[in-house]
Amino acid sequence: MQKWRTTRSTSINLFSRARVKNMNLICGGGGEESFIKGLIQKKNFWARLVMDNDSSTVASLRQVSAHTIELWVDKNHSVKAFSNSLYGMSLPKPIIDYFNYLMTNSIIEHKNNSDEQSEKLKSLVPHAFGDHSLCTFHENEEEYEYKRLPGKKPLESLSLRNSLDELMQRYVNNAEKLSPAASTQANESFNNTVASKNPKSRHYSGSESFNFRVAAAVCQKNIGNTYVDRVFTKLQLSPLKTGLSQREMKDRKMQKRKLFAAGRDGKIRRRFLKNKRASETTRKHRNEGMTYESDVGLSGVLDLPLEKIVSPIIAPFEEIKRFKLVYFDTETIGLGPTDQIIQVALSDGDNLQRLFGSNCSDQSHSFRKNWA
């Protein structure tokens, strides 16, 4: 019987046609930057980059490129950075959730319209403080009710408004980058797939299997888990039916989970779980105090008030010597609180007695009187 083996050339020919479609390029480190610079030198360039706001990759690329490179920021990273800034101002969580709600709706509602996006962002802070001159609620200003703010009333602090205006101006100035409402979730998903087959804790990049691992991740992204069966078919091998059914089931589950996550019920579920985790963390902090935080060991929280610890009371050794130690073991008919004891064995080192039956409690009482 002829054996078919996988060769490096066969695998490269098999996977070289795989392409990751409808995906933007994430830039956030030296590896991606070097990769793009190499493409620019070959007169291939990206007209648009979608990335977060955590790196200066685009500035470095514009220095070495003669082409116009446009930057779009990821909407999820932007909203999260905005939320972190609000937390840094020590605002209550209901107010933070309210401004996150306004920011998210503004980005989605005015997608691909930078002018309207800018005007909407300018009106968010005045709207929260009862000034509706820049928004559409100025016609019914007296009847307007803030359903998401505490007390259903507008905010009043002047210093808070100045701080929020300064923070919001940063996003108003970058409304053109925010207006496309771009997202890098597809890239993050693909990166997780690559990491599952090429863990960062292992140095596979220096091995011959690196190309195969990345190629397998590309095939799983484009085709699904059933790409393995296509590999078997290409190599003229017979895949197992059980394996095929399992991989098809995984693809169906993935598609079902994807549809649920994109729907309204999935978003409500995620918000519910997020609020549940937040309330659980708050409850634990209230009951147990701070247990985990960055640099918590340097904040003095772990310092114990030694003067308040009461020393245990230890009986004198002379009083302990007059006690007789009795060791016992029990056997029950089960582990429930109402299960009966069917056997008790007691020993003080010199004597041993076993009690059986339902009258173990009575016998042990007399046994205790005789040995006391």
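Residues numbered from 1 in each chain as written. Predicted model: local features only at pLDDT ≥ 70, side-chain atom pairs only at ≥ 80, totals over all residues. Heavy atoms only, no water.

The name given to the chain in an unreviewed UniProt entry is Mutator-like transposase domain-containing protein, and the organism recorded there is Trichogramma kaykai.

Undergrad: In this structure, what is going on with the side chain of asparagine 100? I would like to understand it.
TA: Following the sequence through the fold, asparagine 100 ends up in helix H5 (residues 93-109). Within the structure, asparagine 100 has its side chain in polar contact with the side chain of serine 83 (distance 3.3 Å). The contacts of asparagine 100, once residues within four sequence positions are left out, are Val79, Phe82, Ser83 and Leu86. (Helix = DSSP H or I, 4+ residues; strand = E, 2+ residues; numbered from the N terminus. Polar contact = N/O pair within 3.5 Å; in protein donor to acceptor, adjacent residues only side chain to side chain. Contact = heavy atoms within 4.5 Å.)

Undergrad: Is there a simple way to explain the nonpolar core in this structure?
TA: One broad rule of soluble globular proteins: the nonpolar side chains tend to lie buried together. Formed by 29 residues in total, the largest nonpolar core has its most connected members in Phe99 and Leu121. Mapped by element, the contributors of at least two residues to this core are helix H4 (75-88), H5, helix H6 (114-128), helix H7 (158-173) and helix H8 (175-178). With 7 residues, the top contributor of residues to this core is H5. Once residues lying within four places of it in the same chain are set aside, the contact partners of phenylalanine 99 are Phe82, Leu86, Leu124, Val125, Ala128, Leu155 and Leu164. In this structure, Leu49, Met51, Ile69 and Leu71 belong to the second largest nonpolar core, which totals 6 residues. (Core = buried A, V, L, I, M, F, W, Y, C linked by side-chain atoms within 4.5 Å. Buried < 20%, exposed > 50% of the residue type's maximum accessible area, 1.4 Å probe, protein only.)

Undergrad: What exactly am I supposed to notice about the sheet that holds strand S3 (residues 327-332) here?
TA: Remark on secondary structure: sheet strands pair via backbone hydrogen bonds, oriented parallel or antiparallel. Across the sheet, which stays open at both edges, the 3 strands sit in the order S3-S4-S5 with antiparallel pairing between neighbours. Across the chains shown, the open sheet's two edge strands, defined by having one partner strand only, are S3 and strand S5 (352-356). Looking at each pair of strands side by side, their axes are set apart by 10 degrees on average, direction ignored. Note that strand S4 (residues 341-347) and S5 share 5 bridges and pair antiparallel. Counterpart to alanine 345 in the pairing with S5 is arginine 354. (Pairing = 2+ DSSP bridges. Axes fitted to C-alpha atoms, helices over the stretch in contact; angles between N-to-C directions.)

Undergrad: Please explain the packing of aromatic side chains as it appears in this structure.
TA: Any pair of aromatic rings gets described here by the distance separating the centres and the angle formed by the planes. Counted under the stated rule, the structure contains 2 aromatic pairs. Ring geometry for phenylalanine 82 and tyrosine 171: centres 5.5 Å apart, planes at 90 degrees, overall edge-to-face. Of the two residues, phenylalanine 82 sits in helix H4 while tyrosine 171 sits in helix H7, which places them 89 residues apart along the sequence. Relative accessible area serves as the criterion here: at 1%, phenylalanine 82 is assigned to the buried category. The buried category is assigned to tyrosine 171, whose relative accessible area is 8%. Over the face of the ring belonging to tyrosine 101 we find arginine 148, whose NZ or CZ atom lies 3.7 Å from the ring centre. The aromatic ring of tyrosine 204 is capped on one face by arginine 213, whose charged end is 3.7 Å from the ring centroid. (Phe/Tyr/Trp six-rings, centres within 6.5 Å; stacked < 30°, edge-to-face > 60°. Lys NZ or Arg CZ within 6 Å of the ring centre and 35° of its normal.)

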